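Examining the three-dimensional arrangement
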Amino acid sequence: TFTKYGSLSCNNRRDLHNWLDRIIADSSREPPITQVAEEPSPFVSHRQEKFHFPDGRRGIRFYLVNEAGKHFSAVLGEEREPRDGHYDYRKEVSFKEGPPLECHNLTGVHCWLREMMVQQPDNSREPNRKRDTTKAENSQDSKRPRFGGG
C-alpha cells in the first residue's frame, strides 16, 4: 500500500510523476552497509540514479559496483534549490571506504569514482598503436630530418 506517502489528488502528469518518483527513490535505497570482517571485493564500475526529494529538489545517487555485481551507495548529489540545476555532491555517510568527497561538479565526482574503482595499467589509457622501431632504426629514412630543409 502507499499509505506511507499519503493520498494523491492531482490534475496533471507532473504531480503524478513527482509523487511516483518519491516512492521509487525511497524503495530503491539500500540499508546502510555493515562492515564485514572479510576484505571487500574491488569496485569495477559505477552507475547513477536520478530522483526527486519531497520538497521538489532533484537528486542524483551514485553507486559503486563490485565484482560480484553488488551496488553500494557512495555519493549523493542534492540540488541546491528546486529547479536550480546546481548540485552539491558528498560521499554517503554509510560508505566507509575512500577519501572524503565534497564538490560542486560532476567532474569531481567522476574523478573520485574512478579513484575508487580498480586501477587499470597505465598503458590501457593509451591507444593500442605500437610502432615497430626496428625497421625505422635500420633504414636510411630515419636519418633524414623530419622538419624542413634537405
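A quick note: this is a predicted structure, and the numbers were derived from the prediction, not measured. (Residues numbered from 1 in each chain as written. Predicted model: local features only at pLDDT ≥ 70, side-chain atom pairs only at ≥ 80, totals over all residues. Heavy atoms only, no water.)

1. Some points on the sheet that holds strand E5 (residues 102-103)
Read across the sheet, 5 strands follow the order E1-E2-E3-E4-E5 without closing on themselves; strand pairing throughout is antiparallel. Of all the strands in the sheet, just strand E1 (43-52) and E5 have a single pairing partner and so form its edges. Pairing geometry for strand E4 (residues 87-91) and E5, over 2 bridges, is antiparallel. Across the sheet, Arg90 pairs through a bridge with Glu102, a residue of E5. Strands in contact with helix H2 (residues 106-116) are E1, strand E2 (58-66), strand E3 (71-79), E4 and E5; relative to E2, the strand with the most contacts, it is inclined by about 15°. (Pairing = 2+ DSSP bridges. Helix = DSSP H or I, 4+ residues; strand = E, 2+ residues; numbered from the N terminus. Contact = heavy atoms within 4.5 Å. Axes fitted to C-alpha atoms, helices over the stretch in contact; angles between N-to-C directions.)

2. Brief notes about unusual backbone geometry
One non-glycine residue, Arg83, lies in positive phi territory at about 60°. Checked against the element boundaries, Arg83 lands in the loop between E3 and E4. For Arg83, a relative accessible area of 62% translates into the label exposed. (Buried < 20%, exposed > 50% of the residue type's maximum accessible area, 1.4 Å probe, protein only.)

3. Quick notes on the nonpolar core
Grouped together as the largest cluster of nonpolar side chains are 17 residues, with contacts concentrated most on Leu64, Val75, Tyr89, Phe95, Val109 and Trp112. It is H2 that contributes the most residues to this core, 4 residues altogether. If we ignore the near neighbours within four places in the chain, the residues touching Trp112 are Leu64, Ala74, Val75, Lys91, Phe95, Glu97, Pro99, Pro100 and Leu101. (Core = buried A, V, L, I, M, F, W, Y, C linked by side-chain atoms within 4.5 Å.)

4. Some remarks on H2
Of all the positions in H2, only Val109, Trp112, Leu113 and Met116 are classed as buried. An end-on view of H2 places all buried positions within 100° of arc, on one side of the element. Across from the buried face of H2, at angles greater than 90 degrees, the exposed residues are Thr107 and Glu115. The elements touched by buried residues of H2 are E1, E2, E3, E4 and E5. (Arc of directions from axis to C-beta.)

5. So, the packing of aromatic side chains
Following the criterion strictly, the structure yields 6 aromatic pairs and no others. Judged by centre distance (5.7 Å) and plane angle (75°), the rings of Phe43 and Phe72 are edge-to-face. Of this pair, Phe43 sits in strand E1 while Phe72 is found in strand E3, placing the two residues 29 residues apart along the sequence. Given a relative accessible area of 13%, Phe72 falls into the buried group. Both rings, one in Phe51 and one in Phe53, keep their centres 5.0 Å apart while their planes meet at 70°; by these two values the pair is edge-to-face. (Phe/Tyr/Trp six-rings, centres within 6.5 Å; stacked < 30°, edge-to-face > 60°.)

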